[in-house]
Amino acid sequence: MSTVDLSSKIPNNVNLDQDKKLLRALEQWQPDYLKWWLDMGPKDFQQRDVYLRTAISVDAEGWANFDYVKMPDYRWGIFLADPVPDRTIGFGDNYGKPTWPVVPGEHRNTLRRLIVTQGDTEPASVEQQRMLGHTAPSLYDLRNLFQVNVEEGRHLWAMVYLLHSQFGRDGREEAEALLERRSGDPDKPRILGAFNAPVDNWLDFFMFTMFTDRDGKYQLLALAESGFDPLSRTTRFMLTEEAHHMFVGESGVERIVQRTAELMQQDENEDVTRQGGIPLDMVQRYLNLWFALSLDLFGGEISSNAASFFADGLKGRYKEESHEEHRALDQHYRMTVPKDGAVVEEDVPLRNAMNEVLRDAYVEDCQRGVDRWNKHLERAGITVRLRLPSKRFYRHIGLYADMPFDADGRLLERSDWDGRRGEWLPTEKDRAYVATLQKAVRDARGIKGHPFEYEYVRLD
Ligand code: BYC
Ligand code: FE
Ligand code: FE
């Protein structure tokens, strides 16, 4: 078990104090990070005591310590999962060869791009969520928001450690650039689409943590398979933090659905807005939006990038060990491809379909969450159900990009689609209504054995 050095300015389990050059580089980046955090992190709550967990070890039993912390004092650090002895590359053309402890020259640029793309999403999400503290439904929710935010900050540290330790000057420049791009800024936007979309309210936030953080889970799982061992180890530890983010989203939406179900129980046609509930069709529109934006994050359905990531052993499949053939040669993956105003089934060489393979695993995982939400409707005797829209709906990346598919996956005329947009995506009216809601939906378990009403954030 690697020991965690908590006394260091940068808590770590990578023996930073034995590499003075790296330590100095990271200590130089640290104040820039803190400045970014103060400028772009949660607005107006930086001096509050927040009941947060902090990573103090990487083993399953005791990695988290809970205490009141002011966010700028959070111990952002570098934690890698323990190495797997004699680990070999689990897939692709390098199958069975030893993993790389140091970045291999021939894959340097590709790995740098993957790491920068991953790293960019982390501060982006903090920027997107920075105003939400003001409208938190409860202290419990406020604390969860800040927990997610500080951990996304730590995920940025995780990627910056790789950049600094393995990519020399280029890496240091990329680390600076990660603090310079801004979510939603047309001049210097974040790299991936969903991370430039506004997160205006708590329904957006819960859908974001349900669907977009779950893309994080799947991308991290694919990177955890990497033959570049430091990337594998760092993403493995990030995954342990990610679970809570998805819990926040899934349980957040669940509480909303539960409340709506209560209000509709007597009469399915009840106007739940009269009592501050969110109507199911409105919940569905937010679901549609964030599901579609998150599907785009997996990249194109047919991707030569994905094929070479796989061939080279840089980015694998979800749970690679569960597959039988780890080279993925001479195999195909069936997908629906738009053709002459319709869609047809087509077999795509498996390596080129890796983005879609990962996306399909993700969709299945999302469906499990939606099923749990629907249980509340079922129990209340309500006939309406929430559902995932078609994978073709409202896409901006890949085969279906910018084509007018409806939520059922039918291709419409553009003018038709434009006229009906408000059936499927949040409208101005929806946004205005959700903005008026700030009341706590109770009925959540508390944190670390404390009740829901616990003082998770000290406001005075
Ligand atoms: N937006 O072959 P293609 C998380 C680009 S979330 C804009 O289709 P590829 C988190 C692509 O870069 C997880 N551009 O895609 C969640 C390429 O550009 P070039 C984040 C896009 O390369 C919540 C071109 O389009 N991690 O952690 O197979 C809170 C065609 O590429 C998009 C990662 O993404 C897009 N959506 O795969 C906090 C993992 N999609 O090469 C955190 C690292 C594609 O033509 N990234 N493009 O210039 C990757 O593995 C891959 O880059 C992608 C795309 C999966 C994103
Ligand atoms: Fe993250
Ligand atoms: Fe996350």
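Residues numbered from 1 in each chain as written. Chains lettered and ligands numbered in written order. Predicted model: local features only at pLDDT ≥ 70, side-chain atom pairs only at ≥ 80, totals over all residues.

## Remarks on the overall build of the chain
Part 1 of the argument: Broken down by element type, the chain carries 11 helices and five strands.
Part 2 of the argument: The globule rule puts the C-alpha radius of gyration for 460 residues at 23 Å, and the 22 Å found for the chain is close to it.
Part 3 of the argument: Referenced to the eigenvectors of the C-alpha coordinate spread, the extents of the chain come out at roughly 65 × 60 × 40 Å.
Part 4 of the argument: Split into buried and exposed, the 460 residues of the chain put 46% on the buried side.
Part 5 of the argument: Long-range contacts, defined as pairs at least 24 residues apart, comprise 69% of the intrachain contacts of the chain with a sequence gap of at least 6. (Helix = DSSP H or I, 4+ residues; strand = E, 2+ residues; numbered from the N terminus. Rg over C-alpha atoms; globule rule 2.2 N^0.38 Å. Buried ≥ 20, exposed ≤ 12 C-beta atoms within 10 Å, placed from the backbone. Contact = placed C-beta atoms within 7 Å.)

## Here we look at the nonpolar core
Part 1 of the argument: Core analysis: the largest hydrophobic core is formed by 113 residues, its most contacted members being Ile 115, Phe 146, Val 160, Met 207, Val 283, Tyr 286 and Trp 290.
Part 2 of the argument: By residue number, the principal contributor to this core is helix α3 (residues 139–166), which donates 14 residues.
Part 3 of the argument: Once residues lying within four places of it in the same chain are set aside, the contact partners of Val 160 are Trp 29, Gly 119, Ala 175 and Leu 178. (Core = buried A, V, L, I, M, F, W, Y, C linked by C-beta atoms within 7 Å.)

## Some remarks on the site of ligand 1
Part 1 of the argument: Near ligand 1 lie 25 residues; those nearest to it are Gly 216, Gly 299, Gly 300, Ser 303 and Asn 305.
Part 2 of the argument: Counting residues per element, the ones that place at least two in the shell around ligand 1 are α2 (108–128), α5 (202–224) and α8 (304–311).
Part 3 of the argument: Counted by class, the shell around ligand 1 contains six nonpolar, 13 polar and six charged residues. (Near = placed C-beta within 6 Å. Nonpolar A, V, L, I, M, F, W, Y, C, P; charged D, E, K, R; others polar.)

## A closer look at the pairing of strand β1 (residues 49–55)
Part 1 of the argument: Counting buried residues along β1, five of its seven residues qualify, which places the element largely inside the surrounding structure.
Part 2 of the argument: In this sheet, strand β2 (residues 64–70) lies alongside β1 in antiparallel orientation, the contact comprising seven bridges. Residue pairing for β2: Arg 53 is matched across the bridge by Phe 66.
Part 3 of the argument: Where β1 lies against strand β5 (residues 457–458), two bridges are found, and the strand directions are antiparallel. The residue of β5 that forms the bridge with Val 50 is Val 457. (Pairing = 2+ DSSP bridges.)

## Side note on helix α4 (residues 168–178)
Part 1 of the argument: Taken residue by residue, α4 has Gly 171, Glu 174, Ala 175 and Leu 178 as its buried positions. For α4, the angular spread of buried residues about the axis comes to 105°, placing them on one side. For α4, the exposed residues lying more than 90 degrees away from the buried face are Arg 169 and Glu 173.
Part 2 of the argument: Buried residues along α4 sit against α1 (20–40), α2 and α3. (Arc of directions from axis to C-beta.)

## Looking at the packing of α2 against α4
Part 1 of the argument: Relative orientation of the contacting elements α2 and α4 amounts to 25°, with a least axis distance of 10 Å. By the angle class used here, α2 and α4 are roughly parallel. When the axes of α2 and α4 are compared, the crossing they make is right-handed. Side by side, α2 and α4 meet where Arg 112, Val 116, Gly 119, Asp 120 and Pro 123 of the first sit next to Asp 170, Glu 174 and Leu 178 of the second.
Part 2 of the argument: Taken together, the residues that form the contact of α2 with α4 break down as three nonpolar, one polar and four charged. (Axes fitted to C-alpha atoms, helices over the stretch in contact; angles between N-to-C directions. Parallel < 35°, antiparallel > 145°, perpendicular 65-115°, else oblique. Left-handed = near helix turned anticlockwise from the far one by under 90°.)

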